Amino acid sequence: RPQSDLAGKRIVITAGGTREPLDPVRFLGNRSSGKQGVALAESAAARGATVILIAANLEVPAPTTVQLLLVSSALDLERAVTETAADADAVIMAAAVADYRPATVRADKIKKDDTGDSLVLELTRNPDILAGLAAGKKPGQVLIGFAAETETDPDLLLALGRAKLARKGCDFLVVNRVGWSEGFASDRNEVRVLDSAGDIVCEASGTKMSVAQRILDLIA
Ligand code: C5P
């Protein structure tokens, strides 16, 4: 593979997991470490791309070779993606974006003396950023989504991936299994990539860096 096969390309990559504020000190979050998105960003920059990394609460350091935009919530991430995706050749949505956020963010810390033995939280659906990008996609732009699922049955995992692909309208969907120890925090990953027809175009397992290279090969 030529070292500079992504030279002259602008690639927007989201990584990490969003935090949805509840009150000034609390949030709803997820266990995404950001490692796979960071590996993609580092590899894409090494292959010559101009990389804009939209980072949500990373547990690992961001590469120094990318333009870094720090975000926290899904709405922050949506704003940053919308501002940068317009002139991007590819957008890789590796971040774990919360599907719901608290319907109201309390100005003061929620106190258990006020709420008693149980507390019901009302949540509002977040916009689907990837589906929005797909709806407004410019010709030639490549959109890559991720589907992290907890199902152990590989066929079911694929079926879920294919349904998601149809819903999102992206060009490639990276399907991987996540659980208490796999996927999110791990240094390794095992993925299958579907194209827009739902066909498997790549199967990769290994370090997140090696999986990143395989995904970038598809984009290149
Ligand atoms: O629907 P689900 O959350 O499983 O889809 C995962 C893919 O969609 C990821 O690429 C994620 O970044 C993206 N996503 C999004 N906006 C959301 C939720 C997920 O763009 N609100």
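Predicted model, so just to flag it, every value in this text is computed and none were measured.

Rules used throughout
- Residues numbered from 1 in each chain as written.
- Predicted model: local features only at pLDDT ≥ 70, side-chain atom pairs only at ≥ 80, totals over all residues.
- Heavy atoms only, no water.
- Helix = DSSP H or I, 4+ residues; strand = E, 2+ residues; numbered from the N terminus.
- Rg over C-alpha atoms; globule rule 2.2 N^0.38 Å.
- Buried < 20%, exposed > 50% of the residue type's maximum accessible area, 1.4 Å probe, protein only.
- Contact = heavy atoms within 4.5 Å.
- Areas by Shrake-Rupley, 256 points an atom, 1.4 Å probe, with all protein chains shown as cover.
- Lys, Arg positive; Asp, Glu negative; His and termini not counted.
- Charge placed at Lys NZ, Arg CZ, Asp CG, Glu CD.
- 1 Å grid on protein atoms, 1.4 Å probe; cavity = no way out; pocket = protein on both sides within 12 Å on 5 of 7 lines; lining within 4 Å.
- Points joined across faces, edges and corners; volume = space filled by probe spheres on them.
- Nonpolar A, V, L, I, M, F, W, Y, C, P; charged D, E, K, R; others polar.
- UniProt positions renumbered as here; feature names shortened; annotations may be inferred.
- Polar contact = N/O pair within 3.5 Å; in protein donor to acceptor, adjacent residues only side chain to side chain.

A. Summary view of the overall build of the protein. On a plain count of helices and strands, the protein comes out with six helices and 12 strands. The C-alpha atoms of the protein give 18 Å as radius of gyration, which agrees with the globular expectation for 220 residues (17 Å, within 12%). Each of the three principal axes of the protein carries a C-alpha extent, and together these read 60 × 40 × 35 Å. When the 220 residues of the protein are sorted by exposure, 44% land in the buried category. For the protein, the share of sequence-separated contacts (at least 6 apart) that also reach a separation of at least 24 residues comes to 65%. Accessible area of the protein: about 11,200 Å², with a carbon and sulfur share of 49%. Taking the average place of the 26 positive charges on the side chains of the protein and the average place of its 29 negative ones, the gap between the two points comes to 2 Å.

B. Highlighting the side chain of Thr 14. Looking at where Thr 14 falls in the secondary structure, it is placed in strand 1 (residues 10–16). Residue contacts for Thr 14: discarding those within four places in its chain leaves Gly 37, Ile 54, Leu 77, Val 81, Ile 92, Met 93, Ala 94 and Ala 95.

C. The arrangement of the layout of surface pockets in detail. Of the voids in this model, the largest pocket is the one considered here, and its volume is about 920 Å³. Ala 95, Ala 96, Val 97, Asp 99 and Phe 146 are the residues nearest the centre of the largest pocket, which is lined by 38 residues in total. Sorting the residues of the lining of the largest pocket by element identifies helix 1 (35–46), helix 4 (129–135), strand 9 (142–149) and helix 5 (154–168) as the ones contributing at least two each. For the lining of the largest pocket, the residue count by class is 16 nonpolar, 13 polar and nine charged.

D. Structural detail: the UniProt feature "binding site: CTP" (unreviewed entry) in the protein. UniProt feature "binding site: CTP" (unreviewed entry): in the numbering of this structure it lies at Asp 99, Lys 109, Pro 127, Asp 128, Ile 129, Leu 130, Phe 146, Lys 164 and Lys 168. Separation in sequence by 70 residues is matched in space for these annotated residues, since their most distant C-alpha atoms are 36.8 Å apart. Filtering the just-named annotated residues for those lining the largest pocket gives Asp 99, Pro 127, Asp 128, Ile 129, Leu 130, Phe 146, Lys 164 and Lys 168. Separated by 3.2 Å, the side chain of Asp 128 and the backbone nitrogen of Leu 130 make a polar contact. Along the chain, the position of Lys 168 falls in helix 5. A relative accessible area of 19% places Lys 168 in the buried class.

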